[in-house]
Amino acid sequence: MRTFEGVRVIDFTQAIAGPFATYQLALMGADVVKIEQPGIGDQGRQMYPLDDGLQAAKYSAIYLSANAGKRSMTLDLKHPDAKEVIHRLVKDADVVVENFKAGTMDRMGYGWDGLRAVNPKLIYCAVTGFGQTGPRSQSAAYDPTVQALSGMMAVNGTAATGPMRVGAIVVDMAAALTGAFAIAGALFKRERTGEGAMIDLSMQDVGASLTSPNLLQTVFGFEPALMGSRSLSGNPVADTHPTKDGVLLLMPAIEAQTAKVWGVIGRPELGEDSRFSTLEARLEHEAECLQALRAALSEDTAANWEKRFAAAAVPAAEVLQLPDVLSDPQLAHRQLFGETLSPTDGRPLPYTNTPFKVSGEETGAGVPPPLVGADTETVLAEIGYTVAEVESLRDRAVI
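Reading guide: rules and limits
For every chain, the first residue of the written sequence is number 1, and numbering continues from 1 onward in sequence order. Residues qualify for local features only when their pLDDT is at least 70, as the model is predicted, and side-chain atom pairs are given and counted only at 80 or more; totals for whole chains, interfaces and linings, by contrast, use all residues. In computing side-chain properties, one takes all heavy atoms of the structure into account and sets aside hydrogens as well as water. Only runs of H or I of at least four residues qualify as helices and only runs of E of at least two qualify as strands under DSSP, and these elements are numbered from the N terminus. Relative accessibility under 20% of the residue-type maximum defines a buried residue, over 50% an exposed one, and the middle range a partly exposed one, all with a 1.4 Å probe and only protein chains included. Every axis corresponds to a line fitted to the C-alpha atoms, with the helix fit spanning only the stretch in contact, and the corresponding angles, defined between N-to-C directions, vary from 0 to 180 degrees. Working rule for angles: under 35 degrees goes down as roughly parallel, over 145 as roughly antiparallel, 65 to 115 as roughly perpendicular, anything else as oblique. Take the far helix as your reference; a near helix turned counterclockwise from it by less than a right angle gives a left-handed crossing, and one turned clockwise gives a right-handed crossing. Residues count as neighbours in contact if any of their non-hydrogen atoms are within 4.5 Å of one another. Side-chain classes follow a simple rule in which Ala, Val, Leu, Ile, Met, Phe, Trp, Tyr, Cys and Pro form the nonpolar group, Asp, Glu, Lys and Arg form the charged group, and the remainder, Gly included, forms the polar group. Strand pairing follows a simple DSSP-based rule, namely that at least 2 bridges must link the two strands.

1. Structural notes on unusual backbone geometry
Backbone geometry at Lys58 places phi at a positive 60°, although glycine is not the residue there. Within the element layout of this structure, Lys58 appears in the loop between helix 2 (52-56) and helix 3 (61-64). Judged by its relative accessible area of 32%, Lys58 falls in the partly exposed class. A positive phi is found at Ala313, a non-glycine position, where the angle reads about 60°. Mapped onto the elements of the fold, Ala313 is located in the loop between helix 14 (302-311) and strand 11 (316-318). The exposure class assigned to Ala313 is partly exposed, which follows from its relative accessible area of 48%.

As structure tokens, this is what we get:
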């Protein structure tokens, strides 16, 4: 039995933070029914566009990354006749997830108070930029703006570049994983108490949590500077360095690891050099330190240096390009990436599986991300609508 088998999730989310949260539940067996706008679908279908064939099917990189294993039904939430449909959906559901601006679902009558009256055991998760209350609660938010407001950009970049956001949408994804964790916790508690729950998830809270080691430094008077890829200690050895064919991230965290570096690069005498033997000395003689280190690193490839430093228990990694990550042998061994088949042309559609393994359980998506409204009739039939009633809903543009 899969972890969330038998759990039904009504998914009102779009873009990435909300959909990626419900996606985690789908990968572990939940029946996720995605509610999409008729004709248009989730706005995420338009983000990070791919080739014309995939775009014709309303598939984008964002959509593919967060919706495999779900079912899609269309519903105009603003239509007055949508209320009955939503109440029927929610009556026997376990979880509702939405990521509209705070108060939007309440104004339509589909917020926590409105839906728990229909299903007192419901777990309701609202994902927003800043939470349901507070001075920013009505502000729009996307991952980059939350990075700016969470302290993340204050420590990312260099003196030359100034503050920079992280290229990956890390706050969106972390918020999604946090949401999935909160929902799992609420489901566990409900098993013991029989009570539903309201989960108020703020992306800014998540971003600040990710930045908390840096933020807590400032409480004690230490404010980190922009240091690019260098470690917080400022150690010039712990940074990115060019090699014969690429870039190596070398990250000795303690002095004992730094001391090993010189032997690995074939210059053990530098470890005894008073200019490089302590952190303070390396900072004072940074130019000479980097010149000696990088001259040695230029003699071999980044991949080989990674292996050589690993043998000496010094943290180091080749900076992989995105296609290289997709073919990385460790990720292949872990089976992180899977495939489903496109319902339009049969081509393979990649997806990302859970980043963990559970004994006795297979995770993954058995079906591709749905086409807009592909499962509308099926889902409506499951909640008691007849064929004639479905046609009536369609005639009235409810679905």
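Now that the structure is up, let's keep going.
2. Considering the packing of helix 1 (residues 17-27) against helix 8 (residues 170-193)
When two helices pack together, you describe them by how their axes are tilted relative to each other and by the distance separating the axes. Closest axis-to-axis distance for the helix 1/helix 8 pair is 8 Å, and the angle between their directions is 45°. Considering the angle they form, helix 1 stands oblique to helix 8. For the pair helix 1 and helix 8, the sense of crossing is right-handed. Residues Ala17, Phe20, Ala21, Gln24 and Leu25 of helix 1 form the contact with helix 8, whose own contacting residues are Asp172, Met173, Ala176, Leu177, Ala180 and Ile183. Of the residues in the contact of helix 1 with helix 8, the class split is nine nonpolar, one polar and one charged.

3. Some words on the sheet that holds strand 8 (residues 197-202)
Taking strand neighbours across the sheet as the criterion, the six strands line up as 3-2-1-4-5-8 in an open arrangement whose pairing is parallel. At either end of the open sheet lies a strand with only one pairing partner, and these are strand 3 (71-74) and strand 8. The average angle at which neighbouring strand axes cross in this sheet is 20°, direction not considered. Alignment of strand 4 (residues 95-98) against strand 5 (residues 123-128), held across four bridges, turns out to be parallel. Considered in strand 5, the bridge of Val96 is made with Tyr124.

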